[in-house]
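# Analysis of the macromolecular model
So the chains spell out like this:
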Amino acid sequence: MARLLCVWEQGGQLGHLTRLKLPIELALQMGHEVFLAVRELHNVKLVLGDLPVTLLQAPFKQNIAAATSDQYLSYTHLIHRQCFSSVDELDCLVRAWRGLLDLVQPQTVLF
């Protein structure tokens, strides 16, 4: 039995989480242990129902002010606004992800 870590950290809609449902179901059917690190824990049951996965809070940039699409001139702008905007912020998120990976010790990570 392997450990699978599925990750949903970006995007506010359920499409990102919905895409993980089939791989999670297949992994569970094969007897693997599934961990799910998600941005919005309250939406998990809407998509996955009562699938027996271990839920974890995904590290992500919080308190992002709403923006119109014209403020995202490039992918760099998106990363700056949605993911990290300073070296210190990036360092904290990387440390949080490394801690999560050390905790779960997955054989496979599915983003």
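Residues numbered from 1 in each chain as written. Predicted model: local features only at pLDDT ≥ 70, side-chain atom pairs only at ≥ 80, totals over all residues. Heavy atoms only, no water.

With that settled, consider the environment of Leu-28. With respect to the element layout, Leu-28 can be found in helix H1 (residues 15–29). The sequence separation of Leu-28 and Tyr-75 amounts to 47 residues, and the corresponding C-alpha distance is 35 Å. (Helix = DSSP H or I, 4+ residues; strand = E, 2+ residues; numbered from the N terminus.)

This brings us to the confidence of the model for the chain. For the chain, the average pLDDT comes to 86, and 95% of its residues sit at 70 or higher. Looking over the chain, one finds the lowest element-wise mean pLDDT in helix H3 (residues 75–82), namely 74, and the highest in strand E2 (residues 33–38), namely 96. (pLDDT = per-residue confidence, 0-100.)

Quick look at helix H4 (residues 87–104) now. Here H4 is 18 residues long and its end C-alpha atoms lie 26 Å apart, about the 26 Å a rise of 1.5 Å per residue gives. For H4, the full list of buried residues reads Leu-93, Trp-97, Leu-100 and Val-104. For H4, the angular spread of the buried residues around the axis is 60°, confining them to a single face. Within H4, the exposed residues directed more than 90 degrees away from the buried face are Val-87, Asp-88, Arg-95, Arg-98, Asp-102 and Leu-103. Immediately downstream of H4, the backbone of Gln-105 shows phi near 50°, a positive value. (Expected span 1.5 Å × (residues − 1). Buried < 20%, exposed > 50% of the residue type's maximum accessible area, 1.4 Å probe, protein only. Arc of directions from axis to C-beta.)

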